[in-house]
Amino acid sequence: MTEWPRALVAPRAARRGPVSRVLARASALRHLDWVLLGAVLALAGVGSVLVWSATREELERAGDDPTALFKRQLLNLAIGMLLGSVAALVDHRQLRIYAPLVYVASCLGLVAVLTPLGATINGSHSWIVLGGGFQVQPSEFAKVALVVGMALLLGKQRQRDASPGHVDVLAVLALAALPMALIVLQPDLGTAMVFVFTIFGTLAISGAPSRWLVGLVLAGVVAAGAVWHLGLLEDYQVKRFTAFANPAADIRGAGYNSTQARIAVGSGGVVGKGLFQGSQTNGDFVPAQQTDFIFTVAGEELGFVGAGSILLLLGVVLLRGLRIATRADDLFGALVASAVVCWLAFQTFQNIGMTLGIMPVTGLPLPFVSYGGSSMFANLVAVGLLQNVHLRSMRA
């Protein structure tokens with residue numbers, strides 16, 4: 001395991017004047033990871049255009065503004081950038097103080113979803129409708145709470161290269177148990193899978209005992225088998241897994257989404273049919289194309305070159321996140337960055353995998369690209385956390 005440097009302890013700085021504060025902000029901007037930020041903004045920009053392409057025909061047929069969701073996605077991006085900026089510039093020590101508050105708030109949001117305040121969209125009771133076409137998905141913010149909470153528990157009183165003990169691992173599992181249970185009750189299998197992979201990946205990176213890692217894998221296999229045989233999955237979830245195992249069994253029913261997605265991606269060829277020219281996209285053959293299946297729009301209209309460029313940009317984001325983790329000046333920051341990478345890596349793999357038919361359909365958006373306010377906010381807050389760890393390391 002990589003040896004993380006001992007945390008630097010500095011005396012409390014003197015109160016800064018207005019000029020000093022301006023210079024400090026300018027220094028922070030200069031030392032941002034601009035490669036990471038550039039990749040994220042490029043993904044969000046391309047994603048906004050793809051959302052426009054995926055929704056304009058349907059909106060126009062309904063007599064609405066064909067750019068309505070495009071404009072709303074730009075608004076989501078602007079709000080997300082503001083939230084990410086706060087996460088990036090807040091004092092590193094304050095993250096530890098705010099972590100319990102974020103965790104409690106996310107759990108309260110997940111509880112609220114299960115009350116009459118919650119709404120069911122696409123078979124999952126995961127949303128709170130605010131009106132005016134806006135919805136909030138608390139499970140997205142629970143990912144942020146999980147990342148910071150795990151880093152706080154695993155990095156507490158361990159500034160040297162020391163593996164977490166049994167108590168530390170149990171504390172992490174207890175931390176994740178409540179939000180995971182609430183997410184499963186919705187049911188939101190995709191987000192639950194993100195939780196599982198993020199927890200496992202973070203524990204592995206932190207150096208948790210191998211017996212715990214093996215035990216978690218075995219427990220996961222047993223739990224999955226029990227859920228399947230006891231019939232605890234919703235009917236539509238069973239059909240999705242059945243369609244994944246045998247896509248040709250029900251191509252007009254449960255296998256329709258994945259079949260049409262592969263047709264759309266494959267029809268794009270090398271350079272694509274051209275933006276706004278996709279027949280599968282314009283004909284609404286792929287459901288939820290602006291959210292879960294946004295990658296099909298890229299494959300059809302931008303072709304292998306465009307879709308490959310999106311994959312390349314996502315790879316840049318993950319590699320910069322790993323770079324920030326390895327250069328972090330304390331264990332807490334290293335674990336925050338590592339957990340964010342685990343989260344984004346699995347969600348990217350799952351989304352593109354279900355589009356290509358190598359993963360079951362679970363309804364996870366593609367980070368920074370898919371349409372959605374809650375997912376965009378959470379993803380950009382995660383990028384803000386990466387920038388926070390990076391800026392602290394640069395100052396150190």
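Position labels on residues start from 1 in each chain and follow its written sequence. In view of the model being predicted, local features appear only for residues whose pLDDT reaches at least 70, and side-chain atom pairs are presented and counted only at 80 or more, with totals across whole chains, interfaces and linings using the full set of residues. Each side-chain value is derived from all of the structure's non-hydrogen atoms; neither hydrogens nor water enter the calculation.

Draft legend 1. Region of the structure containing the confidence of the model for the protein chain. pLDDT is a per-residue confidence score from the predictor, ranging from 0 to 100. Here the protein chain shows a mean pLDDT of 84. Residues at 70 or above account for 83%. Helical segments are the DSSP runs of H or I of at least four residues, strand segments are the runs of E of at least two, and each set is numbered from the N terminus. Per-element confidence in the protein chain ranges from a low mean pLDDT of 58 for helix 1 (residues 18–30) to a high of 96 for helix 13 (residues 303–327). Contacts: residue pairs with any heavy atoms within 4.5 Å of one another. The low-confidence segment residues 1–15 (pLDDT under 50) makes 25 contacts with residues lying over four places distant or belonging to another chain.

Draft legend 2. Layout of helix 14 (residues 331–356). Working rule for helices: expected span equals 1.5 Å times residues minus one. The end-to-end C-alpha distance of helix 14 is 37 Å, a good match for the 38 Å that 26 residues give at a rise of 1.5 Å each. Any residue under 20% of the maximum accessible area for its type is buried, any over 50% is exposed, and the rest in between are partly exposed; the area is computed with a 1.4 Å probe on protein chains only. With 23 of its 26 residues buried, helix 14 lies for the most part within the structure. Two residues or fewer after helix 14 comes Gly-357, characterised by a positive phi angle close to 85°.

Draft legend 3. Representation of the pattern of salt bridges. Any carboxyl oxygen of Asp or Glu within 4 Å of a side-chain nitrogen of Lys or Arg constitutes a salt bridge here. Within the structure shown, the criterion is met by eight salt bridges. One salt bridge in this structure joins Glu-57 and Arg-56, with 3.7 Å as the shortest N-O distance. Among the salt bridges present, the one from Asp-65 reaches Lys-71, with a minimum N-O distance of 3.1 Å. On the basis of relative accessibility, which here comes to 33%, the residue Asp-65 falls in the partly exposed class.

Draft legend 4. The nonpolar core, seen in detail. Joining through side-chain atoms within 4.5 Å is the link that ties buried Ala, Val, Leu, Ile, Met, Phe, Trp, Tyr and Cys residues into a set, and such a set is a nonpolar core. Membership of the largest hydrophobic core comes to 80 residues, with the highest contact counts inside it found for Ile-199, Leu-203, Ile-310, Val-317, Trp-343, Leu-366 and Phe-368. With 12 residues, helix 14 is the largest single contributor of residues to this core. Excluding residues within four positions of it along the chain, Leu-366 makes contact with Thr-291, Ile-294, Phe-295, Ile-310, Leu-314, Thr-348, Asn-351 and Ile-352. Counting residues in each nonpolar core, the second largest holds six residues, with Ala-261, Phe-293, Met-354 and Val-361 among its members.

Draft legend 5. Molecular detail of a nonpolar patch on the surface. Among the surface-exposed residues, Leu-75, Ile-79, Leu-83, Leu-130 and Phe-134 lie close enough to one another that they form a single nonpolar patch of about 420 Å² accessible area. The element that contributes the greatest number of residues to the nonpolar patch is helix 3 (residues 68–89), accounting for three residues. As for its position among the elements, Leu-83 is in helix 3. Its relative accessible area of 35% is what places Leu-83 among the partly exposed residues. Patches were defined on residues exceeding 30% relative accessible area and lacking a salt bridge, with like-charge contacts within 9 Å and nonpolar side-chain contacts (Val, Leu, Ile, Met, Phe, Trp, Tyr) within 5 Å. Calculation of accessible area relied on Shrake-Rupley with a 1.4 Å probe; when residues are assessed, cover is drawn exclusively from the protein chains displayed.

Draft legend 6. Molecular detail of the packing of aromatic side chains. Under the pairing criterion, centres of Phe, Tyr and Trp rings, with the six-membered ring standing for Trp, must be within 6.5 Å; the plane angle then separates stacked pairs below 30 degrees from edge-to-face pairs above 60, leaving the rest tilted. Throughout the structure, instances matching the rule amount to three aromatic pairs. Relative to Phe-276, the ring of Trp-52 lies with its centre 5.1 Å away and its plane at 65°, an arrangement referred to as edge-to-face. Pair noted here: Trp-52 is in helix 2 (residues 34–61) and Phe-276 is in the loop between helix 10 (256–267) and helix 11 (279–282), with a separation of 224 residues, a long-range link. Residue class for Trp-52 comes out partly exposed when judged on its relative accessible area of 26%. The interplanar angle of 20° and the centroid separation of 5.1 Å between the aromatic rings of Phe-197 and Phe-346 together place this pair among those described as stacked. With Phe-197 in helix 7 (residues 189–206) and Phe-346 in helix 14, the pair connects residues that are 149 residues apart, well separated along the chain. Here the aromatic residues Trp-52, Phe-70 and Phe-276 are joined through ring pairs into a cluster of three or more.

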